[in-house]
Amino acid sequence: MWRIRLFDTLVQAATWAAGGLLLLTIVAVFYYLFTESHYAFQRHFPFGFRVALQPPDSEYRDEVSMDPTASLLATHREGTDELDDAEDITRLPAPEELMAMQSLVTATVQTSDPNQLRADALFRDCMRAPKRAEQGERFLLLAFALPNYAGDRMVLAWEPDVSFDPAYCPYALTLRLIRAPQGVQIDPIEIDLRRQPKGHIELPLWKARTQDEWLQGYLFELEARPTTSTTMATLQQFLRSDWAPTILYARFGMLPLLLATLLITLLSVALATPLGIAAAVYLSEQASPRIREWFKPILEILASIPTVVLGYFGVMLIAPALQRMFGEALQLSSGRGLLATALIMTVFILPTVISLSEDALRAVPNSLREGAEALGLTLAERVRLVLLPAAKSGLIAVALLATARVMGETMIVWILSGGTPTMPDFSSPVAALGTLVKPTRGIPDTIAIEMGNVEFESPHYGHLFLLGLVLFVLTLGINLLGFAYRKRAQVSL
Amino acid sequence: MMDTVRSGMARAGGWESLAAQRDARRARTNALLMGAFGAVGLATVLLVLALVAIITYHGAPTLSWEFLTQPPREGMSAGGVGPMIFGSVLLMLGAFLMATPLGVFGGVCLAEYGERSRLMRLMHASVAALAGTPPIVYGLFGLAIFVLKFHFGVSLLAGWCTLTLFCVPSIVLITESALKTVPAALTDGGLALGLSRWQTLWRIALPYALPGILTGVILSLGRAVGEATPVLFTASVYYSTAETTLSWETLRQPVANLPYYLAEGYRQPGVVPERLIWGACLTLILLTLLLNAGAILVRYRMRRRYL
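Residues numbered from 1 in each chain as written. Chains lettered and ligands numbered in written order. Predicted model: local features only at pLDDT ≥ 70, side-chain atom pairs only at ≥ 80, totals over all residues.

Caption draft 1: Layout of the overall build of chain B. Scanning chain B from terminus to terminus reveals 13 helices and two strands. The long-range share in chain B, meaning contacts at least 24 apart out of those at least 6 apart in sequence, stands at 76%. (Helix = DSSP H or I, 4+ residues; strand = E, 2+ residues; numbered from the N terminus. Contact = placed C-beta atoms within 7 Å.)

Caption draft 2: The overall build of chain A, seen in detail. Scanning chain A from N- to C-terminus turns up 15 helices and twelve strands. Over its C-alpha trace chain A gives a radius of gyration of 33 Å, far above what one expects of a compact globule, namely 23 Å for 493 residues. Oriented by its inertia axes, the alpha-carbon framework of chain A measures out at about 105 × 70 × 35 Å. Put simply, of all contacts in chain A between residues at least 6 apart along the chain, 76% involve residues at least 24 apart. (Rg over C-alpha atoms; globule rule 2.2 N^0.38 Å.)

Caption draft 3: Inspection of unusual backbone geometry at higher detail. Phi is positive for Glu457 of chain A, close to 65°, though the residue is something other than glycine. One can find Glu457 of chain A in the loop between α14 (443-451) and α15 (459-492). With a phi angle near 60°, His151 of chain B is a residue other than glycine that sits in the positive phi range. Exposure remark for His151 of chain B: the 9 C-beta atoms within 10 Å place this residue in the exposed category. (Buried ≥ 20, exposed ≤ 12 C-beta atoms within 10 Å, placed from the backbone.)

Caption draft 4: Highlighting the sheet that holds strand β5 (residues 137-145) of chain A. Residues and elements named next belong to chain A. Strand order in the open sheet made by the five strands is β3-β5-β10-β7-β8, with mixed pairing throughout. Since the sheet does not close on itself, it has two edges, and those belong to β3 (104-109) and β8 (190-192), each with one partner. Averaged over all adjacent pairs, the angle separating strand axes in this sheet is 20°, with direction ignored. Here strand β7 (residues 171-179) pairs with strand β10 (residues 218-226) via eight bridges, running antiparallel. Looking at β10, one finds that Tyr171 is bridged to Pro226. (Pairing = 2+ DSSP bridges. Axes fitted to C-alpha atoms, helices over the stretch in contact; angles between N-to-C directions.)

Caption draft 5: Geometry of the environment of Ala372 of chain A. Residues and elements named next belong to chain A. For Ala372, the position within the fold is in helix α9 (residues 366-374). We classify Ala372 as partly exposed; it has 19 C-beta atoms within 10 Å. Once you skip the residues sitting within four places of it in the chain, Ala372 turns out to touch Leu377, Arg382 and Val386.

Caption draft 6: Just the packing of helix α7 (residues 307-330) of chain A against helix α8 (residues 338-362) of chain A, in detail. Residues and elements named next belong to chain A. Direction vectors running N to C along α7 and α8 enclose 135°, while the axes themselves pass 9 Å from each other. Between α7 and α8, the angle is such that the two are oblique. Where α7 crosses over α8, the two elements pack in a sense that is right-handed. In this structure, α7 contributes Thr307, Leu310, Gly311, Phe313, Gly314, Ile318, Ala319 and Leu322 to the contact, and α8 contributes Leu339, Ala340, Leu343, Ile344, Val347 and Phe348. Within the contact of α7 with α8, the residues separate by chemical class into eleven nonpolar, three polar and no charged. (Parallel < 35°, antiparallel > 145°, perpendicular 65-115°, else oblique. Left-handed = near helix turned anticlockwise from the far one by under 90°. Nonpolar A, V, L, I, M, F, W, Y, C, P; charged D, E, K, R; others polar.)

Caption draft 7: Helix α13 (residues 429-437) of chain A, seen in detail. Looking at α13 of chain A, one finds that the buried residues are Gly434, Thr435, Leu436 and Val437 of chain A. At its buried positions, α13 of chain A is contacted by α7 and α8 of chain A.

Caption draft 8: Molecular detail of the interface of chain A and chain B. Each partner contributes residues to the interface: chain A has 72 residues there, and chain B has 67 residues. Considering each element in turn, the side of chain A that touches chain B owes the most residues, 20 residues, to helix α1 (residues 2-36) of chain A. Broken down by class, the residue content of the side of chain A that touches chain B amounts to 54 nonpolar, 13 polar and five charged.

Caption draft 9: Just the domain arrangement of chain A, in detail. When its domains are assigned, chain A resolves into domain 1 (47-229) and domain 2 (254-492). Look at where the C-alpha atoms of domain 1 of chain A and domain 2 of chain A centre, and you get two points 55 Å apart. (Domains from an automatic or database assignment.)

Caption draft 10: Structural context of the pairing of strand β1 (residues 47-54) of chain A. Residue and element names in this part refer to chain A. Of all eight residues that make up β1, eight are buried, and the element is covered over most of its length. In terms of strand pairing, β1 meets strand β6 (residues 153-160) through six bridges, oriented antiparallel. Paired with Arg50 across the bridge in β6 is Glu159.

Caption draft 11: The arrangement of the pairing of β10 of chain A in detail. Direction of pairing for β5 of chain A relative to β10 of chain A: antiparallel, over a ladder of seven bridges. In the strand pairing of β10 of chain A, Leu141 of chain A is matched with Phe220 of chain A.

Caption draft 12: Main features of the domain arrangement of chain B. Residue and element names in this part refer to chain B. When cut into domains, chain B gives domain 1 (2-59) and domain 2 (65-306). Of the residues lining the interface, five residues belong to domain 1; the matching set on domain 2 comes to five residues. Of the residues assigned to the side of domain 1 that touches domain 2, the class counts are two nonpolar, three polar and no charged.

Caption draft 13: Representation of the environment of Leu221 of chain B. Residue and element names in this part refer to chain B. Tracing the backbone through its elements, the reader meets Leu221 in helix α9 (residues 197-226). According to the C-beta neighbour criterion, Leu221 is buried, with 23 such atoms within 10 Å. Not counting residues within four places of it along the chain, the set of residues in contact with Leu221 comprises Met92, Ala95, Phe96, Cys167 and Leu291.

Caption draft 14: Focus on the confidence of the model for chain B. Here chain B shows a mean pLDDT of 81. Residues at 70 or above account for 90%. Interface confidence for the predicted complex, expressed as ipTM, amounts to 0.85; the pTM equals 0.87. (pLDDT = per-residue confidence, 0-100.)

Caption draft 15: Just the packing of α1 of chain A against helix α6 (residues 135-149) of chain B, in detail. For the pair α1 of chain A and α6 of chain B, the least separation of the axes is 10 Å and the interaxial angle reads 80°. Our classification of the angle between α1 of chain A and α6 of chain B gives roughly perpendicular. Along the contact surface, α1 of chain A presents Ala28, Val29, Tyr32, Leu33 and Glu36 of chain A, while α6 of chain B presents Leu140, Phe141, Ala144 and Ile145 of chain B. Of the residues assigned to the contact of α1 of chain A with α6 of chain B, the class counts are eight nonpolar, no polar and one charged.

Okay, structure coming up:
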């Protein structure tokens, strides 16, 4: 007797333990996806501008970054973290303090002859760590003409640093004249750099004759002031349309990735569901038991072909075919892209759809079939009028399951998408065709590609977890809906 | 002439001929539609055969005993995929040993207590949702918790844990639905004979459901062995010439595996020759086919035993 009781207790304990572990896992998956994404919110928002003092007829007026005398005022990951005591942002520094300041940059004009431009100004570039900008950051810019300058006017020109887009900066960026040289009459200057990221203003000529006089020149400040919290800014930027996490001025807009994933899913599910249901109807209503017995294992084999192999298939067969068709017209370097991915995705999901749809159709009670047959309906009519409506919930569940599977499938997209984040464009037929055949990139493959060379627990790492969270929430919703439909199918039959 | 006759017949109350025409049309539609449906089914079969044929055609010349057992040589441009096969099998075996008990008992838990409390209903829904959760999400989770939080590092151990998590939900669902197919007459009979609830489960219900459960377990392992994503950041290493030996140290080291080898093989074109990639494709397919064949065999043998 005690052995039976012990056995009972053991089995029961194992059952409870497994149940408890499952619950724990479920909670843990949620918890960790959320907690790891918090690293995304530790990101910084770097900014950078090129500024130069130029003669009025300078050939670099529209490309300040090409000007050899241009200075860079920037915060990004290559900037220093060092500060010094004199840098009190709230007050105007005395001229003798300026020399000691790390954030001082000079803009000088020496000659109007482009061949004689020299890039040897006192303090050229200033690059700061982006961290400080969250409390407000200020760069000081000293502008004056050198004694050998022969012109009678001078112009201050500025533009955003290469690859920096002020729209991606959650700071109010202001270029302000805080002190004019003695004896110069000039109106106050205050420029909103987010509204006018590129431009120039003319300044009355002011020459510094000696080194001491440099410090008396025009003193500008470039001030960055946060306009929203870091969290809000991170979320706002996450919903934008640029994904470029590794450039100096990193951008984490996931919209192109999300849209590509949704488009691939939509296309392949729209292809696979009707085809799959058609084949399932044939299997469950028409095929002889012998054929059915052969068919199921073949479907299982197709369903078990590893996705890496399917992806390679697409690379070897479908992508070259697409390139032959559209390559010349659209200048494609390869046929990898949205359409190739969606086609292989269809092959990937089709066997599952057929197999599950067949189960759903076979769950329809035979009395319905026989009744319809007794009414004299042909097979096609029975399918359309009786079978499909009766199996509707089950078939919807199948379509939803297929959607979730395709949405999260990684290797096929990794191999076949081409790897360039692109915003879909359907404004014209040509653009739409281009969207279909040109390289793109989805959410799962972005995670897979970039997690390999990301620094752990960095903002980029956090953003990859945010992407995973988006994918998880999407598939979770679809799966739960599918679960509800499956339950309904069981209840109603 | 014929036309006037026909329309005359129709006007003279020829509803029978109208009905005949309609029936002919219905029959045509029927034949057309059902033919199309059959064609789609046939096309799917042909697709499978073509896929397997093309891969066999390209991969078969590479396949040899040396290819299957030797490590890669000369910067991956020659040699075989021995360590990758070894790693894939190792990953799968570990996941099998960990996931099967957990999944089966989890399924028992759902089947025994399901539908009763709100907690269990919630659990059922979450397991169903987890079964459809993308493998990449499991990869992320495994990276966060096993590799970083538990300090397993990128290792076989972390790979096992992640793969286990990936397999368990589907095994749970399969066990649960297999247990539901056990006829009440059998379990009631057991209870009537004085067996306890858990003895009934262990001696009667589980053996009856075993073929279904085993098939499901093998199929989900087949999916796991071909899936690169869960082990991508948790256990994989691309370049491995290591001797395939087993020790406790192996647990803490990353392993090479076939899917990852293939994935990196395409990503860095020119490193691994196409010949080897086709060979590895065929090997991977053979591995999953072997598992599938096992599943089918189990199903047939078990079915015969119980009927």
